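# Close look at the chain arrangement
Residues per chain, in single letters:
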Amino acid sequence: MSKFSNTLKISRSGLKLFLECPRCFWLDLHHKVKRPPGYPYTLSAAVDYMVKREFDGFRERGELPPVLALSGVEELKSAKLYDGDNLAEWRNNFKGIAYWDEGLNAILYGAVDDVLEFNDGSLAVVDYKSSGSKEITIYDDYQKQMDIYNWILKQKGYETYPQAFFVFYQVQKDENGFNNVMRFREEVSPVKVNMDWVGDAFEKAVEVARQDEAPAS
């Protein structure tokens, strides 16, 4: 009997790994053979933490943070920060927003940075990104991240907004030096959500995960 006859849990990053390398995905699940870890982005994690604190202060006051309110993005004029009781769970790296597919007996989950709620009750995912690059780039992985979060929300019965929003914090490199202060330029970048591919990818990932043999390289 397969070791995955019980409920299988696949994270957002796990599904990303499956899309990149099904064999790597299988080896990780069956034998804990992982890719070499990337460099730990502790500074980015610190920025995420501080932005969450800042946004939560505005949430408590019922206000939209200036980075969103003054972004010039027309759609955000009808939005507010989501304040549902489940937000803390949705942000938790070990729980996140999670959808259990009863037929597959499998869960797909991922932790969000924040969520907006619009006047019609629809929800939009917000993700904070910090960067020291000269140009802000929305990589394919960023797009897929938003697609997956929105698909999970949709499966759980929530109405989702057709766009998701990245809030970029771009380090401003001062020619006079650091001086113990790091300044950021803020920019909001909406992206159109495409959920069409997620369900099929999730099913295929579950199928591969429950194979007794690793996929070919």
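To start, this report covers the structure provided alongside it. In this text, all values refer to a predicted model and were calculated from it rather than measured experimentally.

This part covers the nonpolar core. Grouped together as the largest cluster of nonpolar side chains are 39 residues, with contacts concentrated most on I10, L15, F25, W90 and L108. Among all residues touching L108, those that are not within four sequence positions of it are I10, S11, L15, I97, A98, Y99, I148, W151, I152, V198 and F202. Membership of the second largest hydrophobic core comes to 21 residues, among which are L64, L68, L76 and Y128.

Attention now goes to the state of the cysteines. Enumeration according to the criterion identifies one disulfide in this entry. Through a disulfide, C21 is tied to C24; the S-S separation comes to 2.3 Å. Across the S-S bond linking C21 and C24, the dihedral sits near 70°, which makes this disulfide right-handed. A relative accessible area of 22% means that C24 is categorised as partly exposed.

In this structure the tally under the stated criterion is 12 aromatic pairs. Consider the rings of Y139 and Y142, whose centres lie 5.3 Å apart with planes at 85°: the pair is edge-to-face. Seen from the ring of Y109, K9 lies directly overhead, with NZ or CZ sitting 4.6 Å from the centre. Residue placement shows K144 over the ring face of W197; its charged tip is 5.6 Å from the ring centre.

Here we take up helix α7 (residues 198–209). Every α-helical turn comprises 3.6 residues, leaving residues that sit three or four positions apart pointing alike. Given a rise of 1.5 Å per residue, 12 residues ought to cover 16 Å, and the 16 Å separating the end C-alpha atoms of α7 matches this to within 8%. Looking only at α7, the buried set comprises V198, G199, A201, F202, A205, V206, V208 and A209. Structurally, α7 contributes buried residues whose contacts are with β1 (8–11), α1 (12–20), α2 (22–31), β3 (97–101), β4 (106–110) and α6 (140–155).

Now for the pairing of β4. Along a regular strand, successive side chains alternate from one face of the sheet to the other. The element β4 is extensively covered by neighbouring structure, given that five of its five residues are classed as buried. Burial along β4 is two-sided: the face carrying A106, L108 and G110 and the face carrying I107 and Y109 are both buried. Sheet topology note: the β3/β4 ladder contains five bridges and is antiparallel. Opposite I97, over in β4, you have G110 as the bridge partner. Hairpin connection between β3 and β4: a loop of four residues separates the two successive antiparallel strands, and N105 in this loop has a positive phi of roughly 50°.

How each quantity is defined
- Numbering of residues begins from 1 in every chain and follows the order in which that chain's sequence is written.
- Totals for whole chains, interfaces and linings use every residue, but because this is a predicted model, local features are given only for residues with pLDDT of at least 70 and side-chain atom pairs only at 80 or more, for both listing and counting.
- As a convention, hydrogens and water are excluded, and side-chain values are obtained from all of the structure's heavy atoms.
- For our purposes a nonpolar core is just a set of buried Ala, Val, Leu, Ile, Met, Phe, Trp, Tyr and Cys residues, chained together by side-chain atoms within 4.5 Å.
- The cut-offs for exposure are 20% and 50% of the maximum accessible area for each residue type, with area from a 1.4 Å probe on protein chains only; residues under the lower value are buried, those over the upper are exposed, and the others partly exposed.
- Whether two residues touch is decided by their heavy atoms; if any such pair falls within 4.5 Å, the residues are in contact.
- For the purposes of this analysis, a disulfide is any pair of cysteine sulfur atoms at a distance within 2.5 Å.
- Two rings from Phe, Tyr or Trp (for Trp, the six-membered ring) form a pair when their centres sit within 6.5 Å of each other. Planes less than 30 degrees apart are called stacked, planes more than 60 degrees apart edge-to-face, and all others tilted.
- A ring is considered to have a charge above it if a Lys NZ or an Arg CZ atom is located within 6 Å of its centre and within 35 degrees of its normal.
- Only runs of H or I of at least four residues qualify as helices and only runs of E of at least two qualify as strands under DSSP, and these elements are numbered from the N terminus.
- The span one expects for a helix is its residue count, reduced by one, times 1.5 Å.
- We treat two strands as partners when DSSP finds at least two bridges between them.

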